[in-house]
Amino acid sequence: MEEAFWQDRWQNQKIGFHEPAPNARLIAHFEALAVPKGAAVFVPLCGKSLDIDWLLAQEHPVIGIEFHEAAVQEVFERLGRSAEVTQNGDLRRYAAGDLTLFCGDFFALTAAQVPEVAAVFDRAALVAIAPEQRQAYVDHLTHLCPQVPTLLVTFDYDQSQMQGPPFSVPADMVDQFYGGDVMRRLLQSDPITSPPKIRGLGTEDVYLLAPVA
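Rules of the game
Residues numbered from 1 in each chain as written. Predicted model: local features only at pLDDT ≥ 70, side-chain atom pairs only at ≥ 80, totals over all residues. Heavy atoms only, no water. Salt bridge = Lys/Arg side-chain N within 4 Å of Asp/Glu carboxyl O. Helix = DSSP H or I, 4+ residues; strand = E, 2+ residues; numbered from the N terminus. Buried < 20%, exposed > 50% of the residue type's maximum accessible area, 1.4 Å probe, protein only. Pairing = 2+ DSSP bridges. Axes fitted to C-alpha atoms, helices over the stretch in contact; angles between N-to-C directions. Parallel < 35°, antiparallel > 145°, perpendicular 65-115°, else oblique. Left-handed = near helix turned anticlockwise from the far one by under 90°. Contact = heavy atoms within 4.5 Å. Nonpolar A, V, L, I, M, F, W, Y, C, P; charged D, E, K, R; others polar. Phe/Tyr/Trp six-rings, centres within 6.5 Å; stacked < 30°, edge-to-face > 60°. Arc of directions from axis to C-beta.

A. Quick peek at the pattern of salt bridges. Summed over the entire model, instances satisfying the criterion amount to nine salt bridges. The closest approach of N and O atoms between Asp 53 and Arg 78, which form a salt bridge, is 2.5 Å. One end of the pair, Asp 53, is in helix H3 (residues 51-57); the other, Arg 78, is in helix H4 (residues 69-79), and 25 residues separate them in sequence. The exposure class assigned to Asp 53 is buried, which follows from its relative accessible area of 18%. With its nearest N and O atoms 2.8 Å apart, the salt bridge here joins Asp 175 to Arg 184.

Set out below in structure tokens:
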């Protein structure tokens, strides 16, 4: 989806993807990532997610990126942090201690801006990407965070029943995008309950994607 689409969603508060609490699947399965103590986690297309707060509370630095600047600002306000704001290439960088959020186009983010990341948490990124951009998204994510495990949350439903986002990204599609670079393990699968527009249409699945040595 293009930036204009998501900016419109934010400005009109059509943000059903935003959860009022840290994601239960993150909490349940974070240990599967085996993130070393104090190591950073990357959260792509993070919005103003409370998952950020939870990861920080586990003493893991967080690096994220989001289109909508007001959402980035709200995270720092919620946490009571005064961010240092700088222009980094085409992106604006908000940083305070162990939290760094970039504002702008995900594809403008460089590997040099995401150093020493130990894991990726993707709950609302891959399922939000338009079909024709998904392979490019995965390729760029892999470039930014090479050889690190990913906790991936997806939806699997009949796409003809409802237009995304969130889009259906079944297991075989995950395998197609990541090729043989990761080993996929299903950690949890439940009937979809949220967002309401796709409730009951299929399953919400949680995968551990572990790099193949």
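B. Region of the structure containing unusual backbone geometry. Geometrically, the link from Pro 165 to Pro 166 is a cis peptide bond, its omega value of 0 degrees lying close to zero. Mapped onto the elements of the fold, Pro 166 is located in the loop between strand E7 (150-157) and helix H6 (171-178). Each neighbour pair has its own omega, and for Ser 194 with Pro 195 the value is 5 degrees, a cis peptide bond. By the element assignment, Pro 195 lies in the loop between strand E8 (182-191) and strand E9 (202-211).

C. Geometry of the sheet that holds strand E2 (residues 62-66). Spatially, E3-E4-E5-E2-E1-E6-E7-E9-E8 is the arrangement adopted by the nine strands of the open sheet, whose pairing is mixed. In the strand order of this sheet, the two ends are held by strand E3 (84-88) and E8, each with one partner. In this sheet, adjacent strand axes meet at a mean angle of 20 degrees when their direction is disregarded. Relative to E2, strand E1 (residues 40-44) runs parallel, the two sharing four bridges. Across the sheet, residue Val 43 finds its bridge partner in E2, namely Gly 64.

D. Structural view of the pairing of E7. Among the eight residues that make up E7, seven are buried, leaving the element largely enclosed by the rest of the structure. Here E7 pairs with E9 via eight bridges, running antiparallel. Within E9, the residue paired with Asp 156 across the bridge is Thr 203.

E. Focus on the packing of helix H5 (residues 134-144) against H6. Close contact between H5 and H6 brings their axes to 9 Å; oriented N to C, the two are set at 55 degrees. In this view, H5 runs oblique relative to H6, as classed from their interaxial angle. Viewed along their axes, H5 and H6 form a crossing whose handedness is right-handed. The residues of H6 that touch H5, namely those facing Arg 134, Gln 135, Val 138, Leu 141 and Thr 142, are Met 173, Gln 176, Phe 177 and Tyr 178. Grouping the amino acids of the contact of H5 with H6 by side-chain chemistry returns five nonpolar, three polar and one charged.

F. Spatial organisation of the environment of Asp 190. On the secondary structure map, Asp 190 appears in strand E8. Sequence separation between Asp 190 and Val 206 is 16 residues; the distance between their C-alpha atoms is 9.1 Å. Beyond its immediate sequence surroundings of up to four residues, Asp 190 is in contact with Arg 25, Gly 202, Thr 203 and Glu 204.

G. Local environment of the packing of aromatic side chains. Counted according to the given criterion, the structure contains four aromatic pairs. Here Phe 106 and Phe 107 contribute two aromatic rings whose centre-to-centre distance is 5.3 Å and whose plane-to-plane angle is 75 degrees, an arrangement assigned as edge-to-face. When its relative accessible area of 5% is taken as the criterion, Phe 106 is described as buried. Geometrically, the ring pair formed by Phe 106 and Tyr 137 is tilted, given 5.0 Å between the ring centres and 40 degrees between the ring planes. Linking Phe 106 in the loop between strand E5 (99-103) and strand E6 (117-122) with Tyr 137 in helix H5, this pair joins segments that are 31 residues apart in sequence.

H. Broad picture of H5. By the burial criterion, the buried members of H5 are Arg 134, Tyr 137, Val 138, His 140, Leu 141 and Leu 144. Along the axis of H5, the buried positions cluster into a sector of 165 degrees, meaning they face one direction only. Those residues of H5 hidden inside the fold are in contact with E1, E6 and H6.

Distances and angles like these do not, on their own, reveal function.
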